[in-house]
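# Residue-level structural notes
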Amino acid sequence: MDDFYAELRFINERNASEQRLHQAIVEGNAAKAKHELRLTKQTLQHSDGHICSIPISPLRQFKDSALSMNTLFRKDIEQNYVPNIYINHYASRFTYLIEIAGSFDEVGQIIEKMIDTYCMLSNTFSLAAYTRPIQDCILYLELHMNEEISVEHLAKELSLTPNYLSTLFKKEVGKTITQYLLCRRISEACLLLRCTTSSIADIAASVGINDSNYFTKLFKKQMHMTPMQYRKRHR
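If you're wondering where the values come from, they're calculated on a predicted model, not measured in any experiment. (Residues numbered from 1 in each chain as written. Predicted model: local features only at pLDDT ≥ 70, side-chain atom pairs only at ≥ 80, totals over all residues. Heavy atoms only, no water.)

A few words on the pattern of salt bridges. When the charged atoms of two side chains with opposite charge come close together, those side chains can pair. Per the counting criterion, the structure on display carries nine salt bridges. Residues D116 and K34 are paired through a salt bridge, measuring 2.9 Å at the closest nitrogen-oxygen approach. Of the two residues, D116 is situated in helix α5 (residues 104-125) and K34 in helix α2 (residues 30-45); the sequence distance between them amounts to 82 residues. According to the relative accessible area criterion, D116 is partly exposed, its value standing at 33%. For D64, the salt bridge is made with R60, and the minimal N-O distance between the two is 2.8 Å. Here D64 and its partner R60 are both found in helix α3 (residues 58-78), four residues apart, which amounts to about one turn of the helix. Each of R60, D64 and E99 takes part in salt bridges that share partners, so that together they form one network. (Salt bridge = Lys/Arg side-chain N within 4 Å of Asp/Glu carboxyl O. Helix = DSSP H or I, 4+ residues; strand = E, 2+ residues; numbered from the N terminus. Buried < 20%, exposed > 50% of the residue type's maximum accessible area, 1.4 Å probe, protein only.)

Here it is as structure tokens:
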């Protein structure tokens, strides 16, 4: 009976720690999330394999736990109104990295990277603080980033007047629509420069800037280096 209560306490403590871990992800608190991860790490690597009639290797069990965490972390930040358009790339990438990992240490490193990334997304892309019109506006900008977008066209799509939309956006976001869109285009270009081998011209076009020389000028003004210099530094 003592063993039963000891195991029950262990399960309750583990569940409480897991709940605190997920709450930290929602809050974007990577340090707190990693602390809670350390408290549950042993149970991740040594799950109750005896309840399954099919033998599973410890590494496979750890990978399955990491895949579950990937799914749960993305659901965590969805609670903070982080749109899937920001999440999908990273979630798919983590799934791939987990599957090709060859050791416990490698999977553990991926889990820590997942925590850093999902907390960054929660801190950077949460729309929770915005009113519905601005949430819709930001989502439209993200979905149509590679197109020419005028304030007039955007306002028409959202059934608002250009004046009202511009004023509300600046009030809530702290930037004009044009400034916000440029920042997001450069941010997306940085991601593509780090993660792909696409040409500068193709990356510029994919973020809605068809003149690669103009793109380089804008990029250098914001990042204080050329796109090629950025790529070399972050490879």
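The next point concerns the environment of C137. Structurally, C137 can be placed in helix α6 (residues 132-143). A residue is classified by how much of its surface remains accessible, and C137, at 0% relative accessible area, is buried. Distance from C137 to I177, taken between C-alpha atoms, is 9.1 Å for residues 40 residues apart in sequence. Excluding residues within four positions of it along the chain, C137 makes contact with L154, L158, L165 and F169. (Contact = heavy atoms within 4.5 Å.)

Once that is clear, we can look at the confidence of the model for the chain. Detailed reading of predicted coordinates is not advised where the pLDDT is low. Of all residues in the chain, 88% have pLDDT values of 70 or greater, and the mean over the chain is 88. For the chain, per-element mean pLDDT is lowest for helix α1 (residues 2-27), which scores 73, and highest for helix α8 (residues 162-173), which scores 97. Between residues 45-52, whose pLDDT stays under 50, and residues either more than four places distant or in other chains, the model counts four contacts. (pLDDT = per-residue confidence, 0-100.)

The N-to-C vectors of helix α4 (residues 84-100) and α5 enclose an angle of 175°; their axes lie 10 Å apart at closest approach. One element, α4, and the other, α5, form an angle in the roughly antiparallel class. On the side of α4, the interface is formed by Y86, I87, Y90, A91, F94, L97, I98 and I100, while α5 contributes E106, I110, K113, M114, T117, Y118, M120, L121 and F125. Across the contact of α4 with α5, the residue classes break down as 14 nonpolar, one polar and two charged. (Axes fitted to C-alpha atoms, helices over the stretch in contact; angles between N-to-C directions. Parallel < 35°, antiparallel > 145°, perpendicular 65-115°, else oblique. Nonpolar A, V, L, I, M, F, W, Y, C, P; charged D, E, K, R; others polar.)

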